[in-house]
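One letter stands for each residue in the lines below.
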Amino acid sequence: MAEQQLLGIGSRVKHPAYGDGVVIRLHKVAYDVCFMVYGIKQVGKEYDKWEIIDAVPAEEGVSFNEIEKSLIKVLRNFSDLQEITELGNRWEGGKLILEPGDPAKAKEMPIESFFHKIVMVRDRLRVMEQRINSSNLNDEEKVNLQQYITRIYGSLTSFNVLFKYKEDQFRGTKS
């Protein structure tokens, strides 16, 4: 099996469904490709059904920060250690109050309990990402599911105010 060629920005391709396109952005597992008729689509880097018309070499530089993040991800994926995620100091001892139109049906719960549930959602999304990435889905299906997860993270950014450390927070699509 031949090694997959990494395309750089400006590479021209011909996709069997979308036609002629140009790589305009690189992601970890996919390319953003601008197609003449269909606009910008994400295509997995391992996709091999298209014809490469003109390959521009990709600039590959790995920063220490990227290596550190990758190592953390690997350790998190293959370790039984539970990561401790801390609630912001100002929320400790607080309570969440859900007050409907009928005050008699109000609900209170400790913020710590609510925060624990939010962290569980985040951790389960991470596991889902791992399972998608290691699944037998094709690259295009993986990219599509990753986009949904990214949007879910984006929807959950409202809860970032609860986290003590910025690196524990939800992150949606970065521009």
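Before any of the text, the structure's been laid out above.
Residue numbering note: each chain is counted from 1, following its sequence as written. Where local features are concerned, this predicted model is filtered to residues with pLDDT of at least 70; where side-chain atom pairs are given and counted, the filter is 80 or more; whole-chain, interface and lining totals use all residues. The side-chain figures draw on all heavy atoms in the structure; neither hydrogens nor water molecules are used.

K.L.:
Give a description of the overall build of the protein that names residues and reports values.
P.N.:
The secondary structure listing takes helices from DSSP runs of H or I that are at least 4 residues long and strands from runs of E that are at least 2 residues long, numbered from the N terminus. The helix and strand inventory of the protein stands at three helices and seven strands. Across the protein, helices and strands are ordered from the amino to the carboxyl terminus as β-β-β-β-β-α-β-β-α-α. Buried positions account for 26% of the 175 residues belonging to the protein. In the protein, once contacts between residues fewer than 6 apart in sequence are set aside, the share between residues at least 24 apart is 45%. Exposure is judged per residue with a 1.4 Å probe applied to protein chains only, and the accessible area is read against the type maximum: over 50% gives exposed, under 20% gives buried, and values in between give partly exposed. In this description, contact between two residues means that some pair of their heavy atoms is separated by no more than 4.5 Å.

K.L.:
Could you give an account of the sheet that holds strand 3 (residues 30-35), with specific residues and numbers?
P.N.:
A pair of strands is labelled paired if DSSP reports no fewer than 2 bridges between them. Strand order in the open sheet formed by five strands is 4-3-2-1-5, with antiparallel pairing between adjacent strands. Two strands in the sheet have a free side with no partner beyond their single neighbour: strand 4 (39-44) and strand 5 (51-54). Neighbour-to-neighbour, the strand axes of the sheet open up by a mean angle of 40 degrees, direction not taken into account. Pairing geometry for strand 3 and strand 4, over six bridges, is antiparallel. Residue phenylalanine 35 lies in a different strand from strand 4, and its bridge partner there is glycine 39. Interaxial angle, 0 to 180 degrees, is taken between N-to-C directions of lines fitted to C-alpha atoms, where a helix line uses only the stretch in contact.

K.L.:
Hey, could you go over the packing of aromatic side chains for me, with residue numbers and the actual values?
P.N.:
Under the pairing criterion, centres of Phe, Tyr and Trp rings, with the six-membered ring standing for Trp, must be within 6.5 Å; the plane angle then separates stacked pairs below 30 degrees from edge-to-face pairs above 60, leaving the rest tilted. For the structure shown, the criterion picks out eight aromatic pairs. Look at tyrosine 31 and tryptophan 50: their rings are 6.1 Å apart centre to centre, the planes differ by 35 degrees, and that puts the pair in the tilted class. Placement of the pair is tyrosine 31 in strand 3 and tryptophan 50 in the loop between strand 4 and strand 5, with a sequence separation of 19 residues. The pair tyrosine 31 / tryptophan 50 is uniform in exposure class, with both members buried. Ring pairing ties together the aromatic residues Phe115, Tyr153, Phe163 and Phe170, which thus form one cluster.

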